[in-house]
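# Structural overview for review
Each chain, written out:
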Amino acid sequence: MKVGVIGAGTMGQGIAKAFAQVDGYSVALCDIKQEWAEGGKDKIVKGYAKLVEKGKLTQEQVDKITAAITPGLKEDICADCDLIVEAAFEDMNVKQTTFKELDAICKADCIFASNTSSLSITEIGKGVNRPVVGMHFFNPADRMKLIEVIAGVNTPVDIVEKIKKISEEIGKTPVQVNEAAGFVVNRILIPLINEAAFIKMEGVSDIEGIDTAMKLGANHPMGPLELGDYIGLDICLAIMDVLYNETKDGKYRACPLLRKMVRGGNLGVKSGKGFYVYNADKTKTPVDKL
Ligand code: 3HC
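One structure accompanies this document, and this report is about it. The numbering scheme is per chain: residues are counted from 1 as the chain's sequence reads. In keeping with the predicted nature of the model, local features appear solely for residues at pLDDT of at least 70, side-chain atom pairs appear and are counted solely at 80 or more, and the whole-chain, interface and lining totals rest on all residues. For the side-chain quantities, the full set of heavy atoms in the structure was used; hydrogens and water were omitted.

## What to know about the sheet that holds strand β4 (residues 83-86)
One bridge is not enough; two strands pair if DSSP finds at least two bridges between them. A run of H or I in DSSP counts as a helix once it spans at least four residues, and a run of E counts as a strand once it spans at least two, with each numbered from the N terminus. An order of β3-β2-β1-β4-β5-β6-β7-β8 is seen for the eight strands of this open sheet, with the pairing classed as mixed. Here the strands that pair on one side only, and so sit at the sheet edges, are β3 (69-72) and β8 (173-178). Each strand axis lies, on average, 25° off the axis of its neighbour in the sheet, ignoring direction. Sheet topology places strand β2 (residues 26-30) next to β3; four bridges connect them, and they run parallel. Bridge pairing in β3 places A28 opposite T70. Contacts: residue pairs with any heavy atoms within 4.5 Å of one another. Angles shown run from 0 to 180 degrees and are taken between the N-to-C directions of axes, each axis being a line fitted to C-alpha atoms and, for helices, limited to the stretch in contact. Where helix α2 (residues 34-53) meets the sheet, its contacts fall on β2 and β3, and the angle it forms with β3 comes to roughly 150°.

In C-alpha coordinates form, the structure reads like this:
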(Lines give C-alpha, C1' and ligand atoms only; values in the text may rest on other atoms or scores of the structure.)
Protein backbone atom coordinates (compact mmCIF):
# COMPACT_ATOMS: atom_id res chain seq x y z
CA MET A 1 0.00 0.00 0.00
CA LYS A 2 1.32 3.45 -0.89
CA VAL A 3 0.57 6.18 1.65
CA GLY A 4 0.88 9.88 0.90
CA VAL A 5 1.82 11.79 4.06
CA ILE A 6 1.12 15.49 3.54
CA GLY A 7 3.35 17.66 5.72
CA ALA A 8 6.95 16.74 6.54
CA GLY A 9 7.04 18.32 10.01
CA THR A 10 7.26 16.47 13.33
CA MET A 11 3.97 14.58 12.97
CA GLY A 12 4.43 13.90 9.25
CA GLN A 13 7.88 12.43 9.88
CA GLY A 14 6.58 10.21 12.68
CA ILE A 15 3.61 9.04 10.59
CA ALA A 16 5.91 8.30 7.64
CA LYS A 17 8.08 6.16 9.95
CA ALA A 18 5.04 4.38 11.40
CA PHE A 19 4.05 3.16 7.91
CA ALA A 20 7.52 2.64 6.42
CA GLN A 21 8.53 0.38 9.35
CA VAL A 22 5.91 -2.15 8.24
CA ASP A 23 6.50 -4.55 5.32
CA GLY A 24 4.28 -3.82 2.32
CA TYR A 25 3.94 -0.08 2.97
CA SER A 26 5.68 2.71 1.06
CA VAL A 27 5.38 6.42 1.76
CA ALA A 28 5.31 9.56 -0.35
CA LEU A 29 6.41 12.24 2.14
CA CYS A 30 5.19 15.60 0.82
CA ASP A 31 5.48 19.25 1.64
CA ILE A 32 4.80 22.46 -0.25
CA LYS A 33 8.46 22.83 -1.20
CA GLN A 34 10.66 19.99 -2.45
CA GLU A 35 13.45 20.99 -0.04
CA TRP A 36 11.06 20.88 2.95
CA ALA A 37 10.02 17.35 2.03
CA GLU A 38 13.68 16.36 1.64
CA GLY A 39 14.49 18.09 4.95
CA GLY A 40 11.83 15.93 6.64
CA LYS A 41 13.34 12.77 5.21
CA ASP A 42 16.86 13.90 6.25
CA LYS A 43 15.65 14.23 9.85
CA ILE A 44 14.14 10.74 9.68
CA VAL A 45 17.45 9.33 8.35
CA LYS A 46 19.43 11.11 11.11
CA GLY A 47 17.08 9.76 13.79
CA TYR A 48 17.50 6.21 12.54
CA ALA A 49 21.31 6.65 12.37
CA LYS A 50 21.24 7.27 16.13
CA LEU A 51 19.29 4.04 16.68
CA VAL A 52 21.92 2.14 14.64
CA GLU A 53 24.67 3.74 16.77
CA LYS A 54 22.85 2.58 19.90
CA GLY A 55 22.51 -0.93 18.47
CA LYS A 56 18.70 -0.80 18.54
CA LEU A 57 18.34 -1.40 14.78
CA THR A 58 20.74 -2.73 12.12
CA GLN A 59 21.89 -0.63 9.18
CA GLU A 60 20.14 -3.11 6.91
CA GLN A 61 16.80 -2.59 8.72
CA VAL A 62 17.19 1.18 8.59
CA ASP A 63 18.12 1.15 4.88
CA LYS A 64 14.97 -0.83 4.13
CA ILE A 65 12.74 1.58 6.10
CA THR A 66 14.25 4.77 4.70
CA ALA A 67 14.20 3.40 1.12
CA ALA A 68 10.42 3.08 1.51
CA ILE A 69 10.10 6.86 2.04
CA THR A 70 10.19 9.13 -1.03
CA PRO A 71 10.16 12.89 -0.42
CA GLY A 72 8.53 15.22 -2.95
CA LEU A 73 5.60 17.37 -4.02
CA LYS A 74 2.10 15.89 -3.86
CA GLU A 75 1.41 16.75 -7.51
CA ASP A 76 4.49 14.71 -8.50
CA ILE A 77 4.27 11.62 -6.28
CA CYS A 78 0.71 11.12 -4.94
CA ALA A 79 -1.28 10.15 -8.06
CA ASP A 80 -1.02 6.41 -7.29
CA CYS A 81 -1.42 6.59 -3.49
CA ASP A 82 -3.98 4.28 -1.87
CA LEU A 83 -4.26 6.38 1.27
CA ILE A 84 -3.53 10.02 2.11
CA VAL A 85 -2.77 11.02 5.69
CA GLU A 86 -2.80 14.79 5.82
CA ALA A 87 -0.60 16.23 8.59
CA ALA A 88 -0.36 19.79 7.30
CA PHE A 89 -0.54 22.99 9.32
CA GLU A 90 -3.46 22.93 11.81
CA ASP A 91 -5.59 25.46 9.94
CA MET A 92 -9.02 24.78 8.44
CA ASN A 93 -8.33 26.68 5.22
CA VAL A 94 -5.01 24.94 4.65
CA LYS A 95 -6.58 21.51 5.19
CA GLN A 96 -9.63 22.17 2.98
CA THR A 97 -7.46 23.55 0.15
CA THR A 98 -5.02 20.65 0.45
CA PHE A 99 -7.77 18.04 0.13
CA LYS A 100 -9.41 19.86 -2.80
CA GLU A 101 -6.04 19.84 -4.60
CA LEU A 102 -5.49 16.18 -3.73
CA ASP A 103 -8.93 15.36 -5.15
CA ALA A 104 -7.66 16.34 -8.60
CA ILE A 105 -4.32 14.52 -8.14
CA CYS A 106 -5.18 11.17 -6.52
CA LYS A 107 -6.83 8.13 -8.07
CA ALA A 108 -10.56 7.70 -7.41
CA ASP A 109 -10.25 4.91 -4.81
CA CYS A 110 -7.60 6.65 -2.69
CA ILE A 111 -8.87 7.17 0.88
CA PHE A 112 -8.50 10.65 2.38
CA ALA A 113 -7.61 10.82 6.08
CA SER A 114 -6.65 13.81 8.22
CA ASN A 115 -4.38 13.74 11.25
CA THR A 116 -6.07 16.86 12.61
CA SER A 117 -5.64 17.16 16.37
CA SER A 118 -8.98 18.86 17.04
CA LEU A 119 -10.63 20.37 13.95
CA SER A 120 -13.97 19.20 12.56
CA ILE A 121 -13.58 16.33 10.07
CA THR A 122 -16.94 17.23 8.54
CA GLU A 123 -15.80 20.78 7.87
CA ILE A 124 -12.40 19.68 6.53
CA GLY A 125 -14.27 17.50 4.01
CA LYS A 126 -16.54 20.32 2.76
CA GLY A 127 -16.23 20.74 -1.01
CA VAL A 128 -14.12 17.58 -1.38
CA ASN A 129 -15.63 15.03 -3.78
CA ARG A 130 -14.94 12.04 -1.57
CA PRO A 131 -15.31 11.30 2.15
CA VAL A 132 -12.71 12.41 4.67
CA VAL A 133 -11.98 10.42 7.84
CA GLY A 134 -9.88 11.27 10.89
CA MET A 135 -6.73 9.22 11.53
CA HIS A 136 -5.18 10.88 14.56
CA PHE A 137 -1.68 9.73 15.54
CA PHE A 138 0.14 10.68 18.74
CA ASN A 139 3.63 12.10 19.07
CA PRO A 140 6.03 10.27 18.69
CA ALA A 141 3.84 8.67 16.02
CA ASP A 142 6.19 5.75 15.37
CA ARG A 143 6.16 4.78 19.10
CA MET A 144 2.68 5.66 20.39
CA LYS A 145 0.19 2.81 20.05
CA LEU A 146 -3.09 4.73 19.75
CA ILE A 147 -4.85 5.95 16.65
CA GLU A 148 -8.12 7.83 17.13
CA VAL A 149 -10.29 7.03 14.11
CA ILE A 150 -12.79 9.85 13.70
CA ALA A 151 -16.01 9.59 11.76
CA GLY A 152 -17.26 12.91 10.42
CA VAL A 153 -20.99 13.37 9.81
CA ASN A 154 -20.54 12.26 6.18
CA THR A 155 -17.91 9.54 6.65
CA PRO A 156 -19.24 6.14 5.49
CA VAL A 157 -18.88 3.22 7.91
CA ASP A 158 -16.78 1.18 5.43
CA ILE A 159 -14.11 3.94 5.29
CA VAL A 160 -13.95 4.04 9.10
CA GLU A 161 -13.59 0.23 9.17
CA LYS A 162 -10.81 0.32 6.53
CA ILE A 163 -8.83 2.86 8.57
CA LYS A 164 -9.26 0.73 11.71
CA LYS A 165 -7.92 -2.28 9.80
CA ILE A 166 -4.93 -0.34 8.42
CA SER A 167 -4.20 0.97 11.94
CA GLU A 168 -4.06 -2.61 13.22
CA GLU A 169 -1.89 -3.69 10.27
CA ILE A 170 0.75 -1.12 11.28
CA GLY A 171 0.69 -2.35 14.89
CA LYS A 172 -1.53 0.33 16.41
CA THR A 173 -4.73 0.15 18.42
CA PRO A 174 -7.59 2.13 16.87
CA VAL A 175 -10.26 3.73 19.02
CA GLN A 176 -13.31 4.96 17.15
CA VAL A 177 -14.42 8.43 18.11
CA ASN A 178 -17.35 10.53 16.96
CA GLU A 179 -16.65 14.01 15.79
CA ALA A 180 -16.20 16.43 18.71
CA ALA A 181 -13.64 19.14 19.44
CA GLY A 182 -10.41 17.58 20.69
CA PHE A 183 -11.83 14.05 20.29
CA VAL A 184 -10.93 12.02 23.42
CA VAL A 185 -7.23 12.39 24.17
CA ASN A 186 -6.69 16.07 23.42
CA ARG A 187 -9.91 17.04 25.22
CA ILE A 188 -8.42 15.57 28.40
CA LEU A 189 -4.67 15.98 27.87
CA ILE A 190 -4.40 19.56 26.59
CA PRO A 191 -6.54 21.11 29.40
CA LEU A 192 -4.24 19.22 31.80
CA ILE A 193 -1.19 20.90 30.26
CA ASN A 194 -3.08 24.22 30.29
CA GLU A 195 -3.84 23.73 34.01
CA ALA A 196 -0.15 23.07 34.66
CA ALA A 197 0.63 26.42 32.96
CA PHE A 198 -1.91 28.12 35.30
CA ILE A 199 -0.26 26.42 38.29
CA LYS A 200 3.12 27.77 37.16
CA MET A 201 1.66 31.25 36.48
CA GLU A 202 0.11 31.35 39.97
CA GLY A 203 3.42 30.33 41.54
CA VAL A 204 2.00 27.22 43.21
CA SER A 205 5.22 25.37 42.32
CA ASP A 206 8.14 25.82 39.96
CA ILE A 207 8.48 24.11 36.55
CA GLU A 208 10.50 21.14 37.77
CA GLY A 209 8.24 20.77 40.82
CA ILE A 210 5.09 20.59 38.67
CA ASP A 211 6.62 18.06 36.28
CA THR A 212 8.12 15.92 39.05
CA ALA A 213 4.82 15.93 40.94
CA MET A 214 2.88 14.58 37.96
CA LYS A 215 5.57 12.05 36.99
CA LEU A 216 5.85 10.59 40.49
CA GLY A 217 2.34 11.33 41.75
CA ALA A 218 0.37 10.21 38.71
CA ASN A 219 2.94 7.96 36.99
CA HIS A 220 2.95 10.02 33.80
CA PRO A 221 6.01 9.30 31.62
CA MET A 222 6.58 13.04 31.13
CA GLY A 223 5.52 16.01 33.26
CA PRO A 224 2.79 18.25 31.76
CA LEU A 225 5.08 21.22 31.06
CA GLU A 226 7.78 19.10 29.46
CA LEU A 227 5.05 17.35 27.44
CA GLY A 228 3.65 20.73 26.35
CA ASP A 229 7.13 21.69 25.13
CA TYR A 230 7.39 18.34 23.33
CA ILE A 231 3.99 18.65 21.59
CA GLY A 232 4.63 22.35 20.83
CA LEU A 233 3.08 25.12 22.91
CA ASP A 234 1.59 26.66 19.74
CA ILE A 235 -0.25 23.38 19.07
CA CYS A 236 -1.46 23.22 22.70
CA LEU A 237 -2.72 26.82 22.51
CA ALA A 238 -4.44 26.19 19.16
CA ILE A 239 -6.23 23.15 20.63
CA MET A 240 -7.34 25.12 23.72
CA ASP A 241 -8.70 27.83 21.42
CA VAL A 242 -10.61 25.24 19.34
CA LEU A 243 -12.07 23.69 22.53
CA TYR A 244 -13.12 27.14 23.76
CA ASN A 245 -14.45 28.41 20.42
CA GLU A 246 -16.48 25.25 19.79
CA THR A 247 -18.05 25.13 23.26
CA LYS A 248 -17.78 28.70 24.61
CA ASP A 249 -17.22 26.99 27.96
CA GLY A 250 -14.90 28.95 30.27
CA LYS A 251 -13.31 25.74 31.54
CA TYR A 252 -11.37 25.70 28.26
CA ARG A 253 -9.91 29.21 28.68
CA ALA A 254 -6.28 29.17 27.51
CA CYS A 255 -3.77 30.12 30.19
CA PRO A 256 -2.49 33.69 29.54
CA LEU A 257 1.07 32.51 30.24
CA LEU A 258 0.75 29.93 27.44
CA ARG A 259 -0.50 32.60 25.01
CA LYS A 260 2.28 34.99 26.03
CA MET A 261 4.95 32.33 25.49
CA VAL A 262 3.59 31.45 22.04
CA ARG A 263 3.44 35.14 21.06
CA GLY A 264 7.09 35.43 22.11
CA GLY A 265 8.06 32.48 19.89
CA ASN A 266 8.81 30.22 22.87
CA LEU A 267 7.17 27.13 21.40
CA GLY A 268 9.06 24.38 23.22
CA VAL A 269 11.51 21.82 21.84
CA LYS A 270 11.12 22.90 18.21
CA SER A 271 12.14 26.51 18.92
CA GLY A 272 14.78 25.54 21.50
CA LYS A 273 12.89 27.23 24.35
CA GLY A 274 9.54 26.81 26.09
CA PHE A 275 9.13 25.98 29.77
CA TYR A 276 12.67 24.59 29.40
CA VAL A 277 15.70 25.70 27.42
CA TYR A 278 17.03 22.85 25.28
CA ASN A 279 20.81 22.81 25.46
CA ALA A 280 23.16 21.64 22.69
CA ASP A 281 24.33 18.73 24.89
CA LYS A 282 20.72 17.35 24.96
CA THR A 283 20.14 18.46 28.57
CA LYS A 284 17.36 20.88 29.41
CA THR A 285 17.11 23.66 32.01
CA PRO A 286 13.81 25.01 33.38
CA VAL A 287 13.50 28.68 32.39
CA ASP A 288 12.77 29.66 36.01
CA LYS A 289 16.20 28.26 37.00
CA LEU A 290 18.26 30.19 34.41
N1 3HC B 1 13.20 0.74 17.16
C2 3HC B 1 13.92 0.25 18.19
N3 3HC B 1 14.26 0.93 19.28
C4 3HC B 1 13.84 2.19 19.35
C5 3HC B 1 13.07 2.79 18.32
C6 3HC B 1 12.77 2.01 17.18
N7 3HC B 1 12.06 2.48 16.15
N8 3HC B 1 12.78 4.07 18.68
C9 3HC B 1 13.34 4.25 19.90
N10 3HC B 1 13.99 3.13 20.30
C11 3HC B 1 14.75 2.94 21.53
C12 3HC B 1 15.29 4.24 22.11
O13 3HC B 1 16.55 4.54 21.57
C14 3HC B 1 15.37 3.94 23.58
O15 3HC B 1 16.55 3.26 23.86
P16 3HC B 1 17.38 3.63 25.21
O17 3HC B 1 16.44 3.40 26.35
O18 3HC B 1 18.52 2.68 25.17
O19 3HC B 1 17.77 5.07 25.04
C20 3HC B 1 14.24 2.95 23.81
O21 3HC B 1 13.89 2.41 22.53
C22 3HC B 1 13.04 3.56 24.40
O23 3HC B 1 12.65 4.56 23.49
P24 3HC B 1 11.37 5.35 23.67
O25 3HC B 1 11.24 6.30 22.54
O26 3HC B 1 10.23 4.45 23.93
O27 3HC B 1 11.77 6.21 24.97
P28 3HC B 1 11.05 6.35 26.32
O29 3HC B 1 10.77 5.04 26.92
O30 3HC B 1 11.83 7.34 27.08
O31 3HC B 1 9.66 7.00 25.90
C32 3HC B 1 8.18 8.58 25.08
C33 3HC B 1 9.62 8.21 25.21
C34 3HC B 1 7.45 7.54 24.23
C35 3HC B 1 8.14 9.94 24.35
C36 3HC B 1 7.53 8.67 26.51
O37 3HC B 1 8.23 9.60 27.29
C38 3HC B 1 6.08 9.05 26.46
O39 3HC B 1 5.21 8.22 26.25
N40 3HC B 1 5.82 10.35 26.67
C41 3HC B 1 4.45 10.87 26.54
C42 3HC B 1 4.13 11.11 25.09
C43 3HC B 1 2.72 11.58 24.90
O44 3HC B 1 1.94 11.79 25.79
N45 3HC B 1 2.38 11.78 23.62
C46 3HC B 1 1.09 12.26 23.23
C47 3HC B 1 1.18 13.70 22.94
S48 3HC B 1 -0.39 14.35 22.46
C49 3HC B 1 -0.39 14.19 20.80
O50 3HC B 1 0.57 13.79 20.18
C51 3HC B 1 -1.65 14.56 20.11
C52 3HC B 1 -1.44 15.74 19.23
O53 3HC B 1 -2.63 15.94 18.50
C54 3HC B 1 -1.12 17.01 19.99
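From this point on, the discussion continues.
## What about the environment of A254?
Checked against the element boundaries, A254 lands in the loop between α11 (233-247) and α12 (256-263). With 60 residues separating them along the chain, A254 and N194 place their C-alpha atoms 6.5 Å apart. If sequence neighbours within four positions are ignored, A254 has contacts with N194, F198, L237, M240, D241 and R259.

## A closer look at helix α5 (residues 92-105)
One fewer than the residue count of a helix, multiplied by 1.5 Å, yields its expected span. In this model, α5 (14 residues) spans 20 Å end to end at C-alpha, consistent with the 20 Å of a helix rising 1.5 Å per residue. Close packing links the buried residues of α5 with β1 (2-6), α4 (74-77), β4, β5 (111-114), α6 (121-124) and β6 (132-136). Of the residues that open α5, the one with a side-chain oxygen 3.0 Å from the backbone nitrogen of N93 is D91. For this analysis, a polar contact is any N or O atom pair within 3.5 Å, provided that within protein one partner can donate a hydrogen and the other can accept it, and provided that sequence-adjacent residues contribute only side-chain to side-chain pairs.

## Overview of the pattern of salt bridges
For salt bridges, the criterion is a side-chain nitrogen of Lys or Arg within 4 Å of an Asp or Glu carboxyl oxygen. In total, this model carries 18 salt bridges according to the counting rule given. Notably, a salt bridge pairs K270 with D234, separated by 2.9 Å at the nearest N-O pair. Residue K270 is located in the loop between α12 and β9 (276-278), and its partner D234 is located in helix α11; the two are separated by 36 residues in the primary sequence. A single network of salt bridges, built from pairs that share partners, joins D82, K107 and D109.

## Some points on the pairing of β5
The two faces of β5 match: I111 and A113 on one face and F112 and S114 on the other face are all buried. Relative to β5, β4 runs parallel, the two being bridged by four bridges. Looking at the pairing, L83 lines up with I111 of β5. Read from β4 through α5 to β5, the crossover connection turns out right-handed. Sheet topology note: the β5/β6 ladder contains three bridges and is parallel. Buried means the residue's accessible area, taken with a 1.4 Å probe over protein chains only, is under 20% of the maximum for its type, while exposed means over 50%, and partly exposed covers the values in between. Throughout, right-handed denotes a crossover for which the path from the first strand over the helix to the second runs clockwise when the strands point away from the viewer.

## Some thoughts on the site of the ligand
Lining the immediate environment of the ligand, one finds 18 residues, of which K54, S117, H136, N139 and R143 sit closest. In the environment of the ligand, an oxygen atom lies 3.0 Å from a nitrogen or oxygen atom belonging to the side chain of R143. One of the side-chain nitrogen or oxygen atoms of N186 is found 3.0 Å away from an oxygen atom of the ligand. Computed with the Shrake-Rupley method and a 1.4 Å probe, the accessible areas treat only the protein chains shown as cover for residues. Here the ligand has 1100 Å² of accessible area as a free molecule, and 66% of this is covered by the chains. For the shell around the ligand, the secondary structure elements donating two or more residues are α8 (185-201) and α10 (224-231). Split into classes, the residues belonging to the shell around the ligand amount to ten nonpolar, five polar and three charged. Both domain 1 (2-178) and domain 2 (186-280) contribute no fewer than three residues apiece to the shell around the ligand. By convention in these notes, a residue is near a molecule or strand provided one of its non-hydrogen atoms lies within 4 Å of it. Each residue gets one label: Ala, Val, Leu, Ile, Met, Phe, Trp, Tyr, Cys and Pro are nonpolar, Asp, Glu, Lys and Arg are charged, and the others, such as Gly, are polar. Either an automatic procedure or a domain database provided the assignment from which the domain bounds are taken.

## Side note on unusual backbone geometry
That bond from N139 to P140 is cis: its omega, 0°, falls within 30 degrees of zero. Among the structural elements, P140 can be located in the loop between β6 and β7 (146-151). Unlike most non-glycine residues, K248 shows phi in positive territory, near 55°. As for its placement among the helices and strands, K248 is situated in the loop between α11 and α12. Looking at K248, the relative accessible area reads 56%, which means it is exposed.

## Re the layout of surface pockets
Cavities and pockets are defined on a 1 Å grid built over the protein atoms alone: a cavity is a set of grid points where a 1.4 Å probe fits but cannot escape, while a pocket is an open set with protein on both sides within 12 Å along at least five of seven lines, and lining residues are those with an atom within 4 Å of any such point. Grid points are joined across faces, edges and corners, and a volume is the space filled by probe spheres set on the points. The computed volume of the second largest pocket comes to approximately 160 Å³. What lines the second largest pocket is simply A20, Q21, V22, D23, G24, Y25, L57, Q61, K64, I65 and A68. For the lining of the second largest pocket, the residue count by class is six nonpolar, three polar and two charged.

## Quick notes on the packing of aromatic side chains
The relative placement of two aromatic rings is captured by the distance of their centres and the angle of their planes. When the centres of two rings from Phe, Tyr and Trp lie within 6.5 Å, Trp using its six-membered ring, the rings pair. Their planes under 30 degrees apart give stacked, over 60 give edge-to-face, and anything left gives tilted. Across all of its chains, the model carries four aromatic pairs by this definition. Centroid distance F19 to F137: 6.0 Å. Interplanar angle 65°. Geometry classified as edge-to-face. Of this pair, F19 sits in helix α1 (residues 10-20) while F137 sits in the loop between β6 and β7, placing them 118 residues apart in sequence. Here F19 falls in the buried class, since its relative accessible area comes to 0%. By relative accessible area, which is 2% here, F137 ends up buried. Measuring from centroid to centroid gives 6.5 Å for Y276 and Y278, while their planes differ by 55°, and the two rings are tilted. Taking the relative accessible area as the measure of exposure, Y278 reaches 23% and is therefore partly exposed. In this structure an aromatic cluster arises from ring pairing among F19, Y25 and F137. A ring is scored as having a charge over it whenever the NZ atom of a lysine or the CZ atom of an arginine sits within 6 Å of its centre and within 35 degrees of its normal. Here the guanidinium or amino end of K284 rests over the ring plane of Y276, the centre of that ring lying 5.1 Å away.

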